[in-house]
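Residues per chain, in single letters:
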Amino acid sequence: MSLTKHNHRLGPWADFDLLANRLHRGFSDCGIGNLTCGATWVPPVSVEEKSDEILLTAELPGMTGDAVEITLENNVLTISGEKRESREEGENGGKYHLVERSFGSFRRSFTLPRTVRGEGIAADFDNGLLTVRLPKAEEAVSRKIEVARRN
């Protein structure tokens, strides 16, 4: 399954990677193939393959299911939405000195394998976790074939 990756690096190069990503976003054009164009944050996603389905889970803390849109077109599943900033300055002239929470729009696209049945895709949203169930086509589900023995 193809997906747009987001690297979470640790160590001495993390700040450099963050700067490079910001510069790339600022100078890149939004042409064909740039699947994260306009995104200001990228939610982490897990993809798990089971015997009869593929599970895609995305962490979307602070969001509701109404703020998320899922589309399927030409065998490409796209999850998009917007996380709105909800901060207010404190009382008596108080102000924020550090904000590390991410806000803004996001867009993640995944090219589905031929083995996924598009008409059976289902999604649910619970406590900031989006789960998308991608059922496999009948012919793609693995099964055991018994070997006939002749003596």
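Just so we're clear, the structure is a prediction, and the values are computed from it rather than from any experiment. (Residues numbered from 1 in each chain as written. Predicted model: local features only at pLDDT ≥ 70, side-chain atom pairs only at ≥ 80, totals over all residues. Heavy atoms only, no water.)

Undergrad: I keep staring at the overall build of the protein and nothing clicks. Help me out?
TA: When helices and strands are counted, the protein shows one helix and eight strands. Reading the protein from its N terminus to its C terminus gives the helix and strand order β-α-β-β-β-β-β-β-β. Within the span of the protein, comprising 151 residues, buried residues form 23% of the whole. Put simply, of all contacts in the protein between residues at least 6 apart along the chain, 59% involve residues at least 24 apart. Split by element, the accessible area of the protein, about 11700 Å² in all, is 47% carbon and sulfur. (Helix = DSSP H or I, 4+ residues; strand = E, 2+ residues; numbered from the N terminus. Buried < 20%, exposed > 50% of the residue type's maximum accessible area, 1.4 Å probe, protein only. Contact = heavy atoms within 4.5 Å. Areas by Shrake-Rupley, 256 points an atom, 1.4 Å probe, with all protein chains shown as cover.)

Undergrad: Sorry, what's going on with unusual backbone geometry here?
TA: With the exception of glycine, the majority of residues adopt a negative phi angle, and the majority of peptide bonds are in the trans configuration. The backbone of Asn74 sits at a positive phi, close to 50 degrees, despite the residue not being glycine. Along the chain, the position of Asn74 falls in the loop between strand S4 (68-73) and strand S5 (76-83). Of note in the backbone geometry, Asn75 takes a positive phi value of approximately 65 degrees without being a glycine. Relative to the assigned elements, Asn75 resides in the loop between S4 and S5. What makes Asn75 partly exposed here is its relative accessible area of 33%.

Undergrad: How do you make sense of the confidence of the model for the protein when you look at a structure like this?
TA: A low pLDDT means the predicted coordinates there should not be read in detail. Per-residue pLDDT for the protein has a mean of 78; in total, 66% of the residues score no lower than 70. Note that pLDDT drops below 50 for residues 31-36; the model gives that stretch seven contacts with residues more than four away or on any other chain. (pLDDT = per-residue confidence, 0-100.)

Undergrad: Explain the environment of Gly65 here, please?
TA: In this structure, Gly65 sits in the loop between strand S3 (53-59) and S4. Among the residues examined, Gly65 registers a relative accessible area of 34% and is labelled partly exposed. Sequence-wise, Gly65 and Ala123 are 58 residues apart; in three dimensions their C-alpha atoms are separated by 9.8 Å.

Undergrad: Explain the side chain of Ser80 to me, please; I cannot follow it from the model alone.
TA: Relative to the assigned elements, Ser80 resides in strand S5. Apart from the residues within four sequence positions on either side, Ser80 is in contact with Ala67, Val68, Glu69, Phe106 and Arg107.

Undergrad: Whenever I open this one, the pattern of salt bridges confuses me. Can you help?
TA: Opposite charge on two side chains makes pairing possible when the charged atoms of those side chains draw close. Following the criterion strictly, the structure yields four salt bridges and no others. As a salt-bridge pair, Glu53 and Arg133 come within 2.8 Å of each other at their nearest N and O atoms. On the criterion of sequence distance, the pair formed by Glu53 in strand S3 and Arg133 in strand S8 (residues 129-135) is long-range, its members being 80 residues apart. (Salt bridge = Lys/Arg side-chain N within 4 Å of Asp/Glu carboxyl O.)

Undergrad: Mind showing me how you'd approach the sheet that holds S3 here?
TA: Strand pairing in a sheet relies on backbone hydrogen bonds. The paired strands run either parallel or antiparallel. Spatially, the four strands line up as an open sheet ordered S2-S3-S8-S7, and their pairing is antiparallel. Of all the strands in the sheet, the pair left with one neighbour each is strand S2 (45-49) and strand S7 (122-126). Each strand axis lies, on average, 15 degrees off the axis of its neighbour in the sheet, ignoring direction. (Pairing = 2+ DSSP bridges. Axes fitted to C-alpha atoms, helices over the stretch in contact; angles between N-to-C directions.)

Undergrad: Explanation requested: the pairing of S3 in the structure shown.
TA: Both faces of the sheet carry side chains from a regular strand, because those side chains alternate between them. In terms of residue burial, S3 counts as a mostly covered element, since five of its seven residues are buried. Judged from the five bridges that link them, S2 and S3 form a sheet pairing that is antiparallel. Pairing of Glu48 across the sheet is with Leu55, part of S3. In sequence, S2 turns back onto S3 through a hairpin of three residues. Inspection of the sheet shows S3 paired to S8 by seven bridges, in the antiparallel sense. What sits directly across from Leu56, in S8, is Val132.

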